[in-house]
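In case you want the letters, here they are:
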Amino acid sequence: DVKVTQSSRYLVKRTGEKVFLECVQDMDHENMFWYRQDPGLGLRLIYFSYDVKMKEKGDIPEGYSVSREKKERFSLILESASTNQTSMYLCASSLLGRRALGNTIYFGEGSWLTVV
Amino acid sequence: GENVEQHPSTLSVQEGDSAVIKCTYSDSASNYFPWYKQELGKRPQLIIDIRSNVGEKKDQRIAVTLNKTAKHFSLHITETQPEDSAVYFCAATGLIGGKLIFGQGTTLQVKP
């Protein structure tokens, strides 16, 4: 059974703080993703990575960065948290797919971040 | 750019009725179309998916249909039950293999 683990479920941070959200998967998946979920906006892709040290911008990368030093771990970094980054963050992973041919994405439990 | 539109945003049905959720996608090269169900406070989980070489797929009370010419696909739930109440997301593959573009989500409420 695929397991995607997000280390923090609930966080409260102050404006301007640096925030790290950690994600680990145990299925040797090449692809890892960070999504943001907001009511009425669905799941929006922030960044994704298809290999160690590789990263690609998603639809809403501004204000975020990522790090993938090991295949199983993908970190989302908020360099200076702002109130408009209050949201639910979902990490996910999948096997590498060919162009436009995807594979099942498995999600973590989510991290609820509140920036005050 | 890549886009997936999902309708309706909310759907309320009586237990036992059918529910239909529709999605359209923009990239004609998309070949994989999954549907995810997210119960309150939980992670989205895959419930059914379809690839472009298939027009319809069924799994017990849920089915998905795909019209590649019109670039739309739909989720059908028959004999709905209260435990079907959740947020449902459709998705389609983007230009880079493995990347999924999600719809905005549909909140389904099944009234007992």
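These notes cover the structure that comes with them. As a convention, each chain's residues are numbered from 1 in the sequence order in which they are written. Just so you know, chain letters begin at A and ligand numbers begin at 1, following the order they were written in. Per-residue local features of the predicted model are confined to residues with pLDDT of at least 70, and side-chain atom pairs are confined, for both listing and counting, to 80 or more; whole-chain, interface and lining totals are unaffected and use all residues. Only hydrogens and water are removed before side-chain values are computed, so all heavy atoms of the structure are retained for them.

1. Remarks on the nonpolar core
Here is step 1: Residues grouped as a nonpolar core are buried Ala, Val, Leu, Ile, Met, Phe, Trp, Tyr and Cys residues, joined through side-chain atoms within 4.5 Å. Three labels apply to residues, based on accessible area from a 1.4 Å probe with only protein chains included: buried if under 20% of the type maximum, exposed if over 50%, partly exposed otherwise in between. Grouped together as the largest cluster of nonpolar side chains are 24 residues, with contacts concentrated most on Trp35, Phe73 and Leu108 of chain B.
Here is step 2: Elements are defined by DSSP. Helices are runs of H or I of four residues or more, strands are runs of E of two residues or more, and each kind is numbered from the N terminus. Counting residues per element, the ones that place at least two in this core are strand E2 (10-14), strand E3 (19-25), strand E4 (32-38), strand E5 (45-51), strand E7 (62-67), strand E8 (72-77), strand E9 (86-93) and strand E11 (106-111) of chain B.
Here is step 3: Any two residues whose heavy atoms approach within 4.5 Å are treated as being in contact. Those residues within four positions of Leu108 of chain B in sequence are excluded, and the remaining contacts are Leu11, Val13, Ala19, Ile77, Asp84, Ser85, Ala86 and Tyr88 of chain B.
Here is step 4: Residues Val19, Trp34, Tyr47 and Tyr89 of chain A belong to the second largest nonpolar core, which totals 20 residues.

2. What about the sheet that holds strand E6 (residues 56-59) of chain B?
All names here are of chain B.
Here is step 1: One bridge is not enough; two strands pair if DSSP finds at least two bridges between them. What the 5 strands build is an open sheet, ordered E1-E3-E8-E7-E6; its pairing is antiparallel. Each edge of the open sheet carries a strand with a single partner, namely strand E1 (4-7) and E6. Averaged over neighbouring strand pairs, the angle between their axes works out to 15° when direction is ignored.
Here is step 2: In this structure, E7 lies alongside E8, joined through 6 bridges in antiparallel fashion. The partner of Asn67 across the bridge, within E8, is His72. The axes are straight lines fitted to the C-alpha atoms, using for helices just the contacting stretch, and the angles between their N-to-C directions are given from 0 to 180°.

3. As for the interface of chain A and chain B
Here is step 1: Counting from both sides, the interface comprises 28 residues of chain A and, opposite them, 25 residues of chain B.
Here is step 2: For the chain A and chain B pair, buried surface summed over both sides reaches about 2200 Å², with 54% attributable to carbon and sulfur atoms.
Here is step 3: A pairing counts as a salt bridge when a side-chain nitrogen of Lys or Arg comes within 4 Å of a carboxyl oxygen of Asp or Glu. Between the two partners, chain A and chain B, sit 1 salt bridge.
Here is step 4: In this structure, the salt-bridge partner of Glu109 of chain A is Arg43 of chain B, at a minimum N-O distance of 2.7 Å.
Here is step 5: Pairs of N or O atoms within 3.5 Å make up the polar contacts considered here, provided that, within protein, one atom can donate a hydrogen while the other can accept it, and that residues adjacent in sequence are counted only when both atoms are side-chain atoms. Linking chain A with chain B are 7 residue pairs in polar contact (both at pLDDT 80 or more), by the criterion used here.
Here is step 6: Looking at the side of chain A that touches chain B, the elements that each hand over two or more residues are strand E4 (31-38), strand E5 (42-49) and strand E9 (87-94) of chain A. Here the quantity called buried area is the accessible surface, traced with a 1.4 Å probe, that two parts lose on coming together, added over both.

4. A short note on the environment of Tyr25 of chain B
Residue and element names in this part refer to chain B.
Here is step 1: By secondary structure assignment, the location of Tyr25 is in strand E3.
Here is step 2: Tyr25 gets classed as buried once you look at its relative accessible area, which sits at 5%.
Here is step 3: Separated by 48 residues in the primary sequence, Tyr25 and Phe73 place their C-alpha atoms 8.4 Å from one another.
Here is step 4: Leaving out residues up to four positions away in the same chain, Tyr25 has contacts with Asn3, Val4, Ser30, Phe33, Leu66, Asn67, Lys68, Lys71, His72, Phe73 and Ala92.

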